[in-house]
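# Structural overview
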Amino acid sequence: GDSYESITATKYWIDIQLRWGDFDSHDIERYSRAKFLDYTSDNMTLYPSPTGVLIAFDLAYNLYSGYGNWFPGMKPLMQQAMAKICK
């Protein structure tokens, strides 16, 4: 489920990762969450701020998932855009 916290940030990033999933590991939701948490908790991260979202797209199974910090209106906009891309 979603949880909302009020955070003020001056930077926001979007990381879109394309991957070719295999039959045994095409859980794109778990992948996007794990990568977001790995990348944002790493002290050597290249992300400009802790606020952002990681979108993972599995090209083999035509699935996608996003995990991270959403600002109002961003999540439905991203869902609509990804649905059009998948068509």
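Look up: the structure comes first, before these words.
The structure contained in this document is the topic of the report that follows. (Residues numbered from 1 in each chain as written. Predicted model: local features only at pLDDT ≥ 70, side-chain atom pairs only at ≥ 80, totals over all residues. Heavy atoms only, no water.)

## Quick look at the packing of aromatic side chains
Using the criterion set out here, one finds six aromatic pairs in the structure. Residues Phe36 and Tyr67 carry aromatic rings whose centres are separated by 5.5 Å and whose planes lie at 65 degrees to one another, so their mutual orientation is edge-to-face. Placement of Phe36 in helix H1 (residues 28-41) and of Tyr67 in strand E3 (residues 63-68) is noted, with a sequence separation of 31 residues between them. A residue is classified by how much of its surface remains accessible, and Phe36, at 7% relative accessible area, is buried. (Phe/Tyr/Trp six-rings, centres within 6.5 Å; stacked < 30°, edge-to-face > 60°. Helix = DSSP H or I, 4+ residues; strand = E, 2+ residues; numbered from the N terminus. Buried < 20%, exposed > 50% of the residue type's maximum accessible area, 1.4 Å probe, protein only.)

## Remarks on a nonpolar patch on the surface
Nonpolar side chains collect at one region of the surface, where Tyr12, Ile14, Ile16, Leu18, Trp20, Leu59 and Phe71 lie side by side and expose about 750 Å² of accessible area between them. Looking at the secondary structure, you find Trp20 in the loop between strand E1 (13-19) and H1. Residue classification places Trp20 among the exposed positions, given a relative accessible area of 66%. (Patch = residues over 30% accessible without salt bridge, like charges linked within 9 Å, V, L, I, M, F, W, Y side chains within 5 Å. Areas by Shrake-Rupley, 256 points an atom, 1.4 Å probe, with all protein chains shown as cover. Salt bridge = Lys/Arg side-chain N within 4 Å of Asp/Glu carboxyl O.)

## Examining the pairing of E3
Walk down a regular strand and you will see the side chains alternate between the two sheet faces. Summarising the sheet, strand E2 (residues 52-58) and E3 pair through six bridges and their orientation is antiparallel. Residue pairing in the sheet places Val53 in a bridge with Gly68 of E3. Where E2 folds back on E3, the antiparallel hairpin that results is connected by four residues, among which Asn62 adopts a positive phi of roughly 55 degrees. (Pairing = 2+ DSSP bridges.)

## Topic: the sheet that holds E2
Here three strands make up an open sheet; going across it, the order is E1-E2-E3 and the pairing mixed. One side of each edge strand has no neighbouring strand; the edge strands of this open sheet are E1 and E3. This sheet shows a mean twist of 15 degrees between the axes of neighbouring strands, independent of strand direction. Bridge count between E1 and E2: seven bridges; the pairing is parallel. Bridge pairing in E2 links Gln17 to Ala56. Across the face of the sheet, H1 comes into contact with E1, E2 and E3 while running at roughly 35 degrees to E3. (Axes fitted to C-alpha atoms, helices over the stretch in contact; angles between N-to-C directions. Contact = heavy atoms within 4.5 Å.)

## Some remarks on the pattern of salt bridges
Throughout the structure, instances matching the rule amount to two salt bridges. Notably, a salt bridge pairs Arg30 with Asp27, separated by 3.8 Å at the nearest N-O pair. With a relative accessible area of 56%, Arg30 lands in the exposed category.

## Quick word on the environment of Ser49
With respect to the helices and strands, Ser49 occurs in the loop between H1 and E2. Along the primary structure Ser49 and Gly66 are separated by 17 residues, whereas in three dimensions their C-alpha atoms are 17 Å apart. Beyond its immediate sequence surroundings of up to four residues, Ser49 is in contact with Lys11, Tyr12 and Trp13. Side chain to side chain, Ser49 and Thr51 meet in a polar contact 3.1 Å long. (Polar contact = N/O pair within 3.5 Å; in protein donor to acceptor, adjacent residues only side chain to side chain.)

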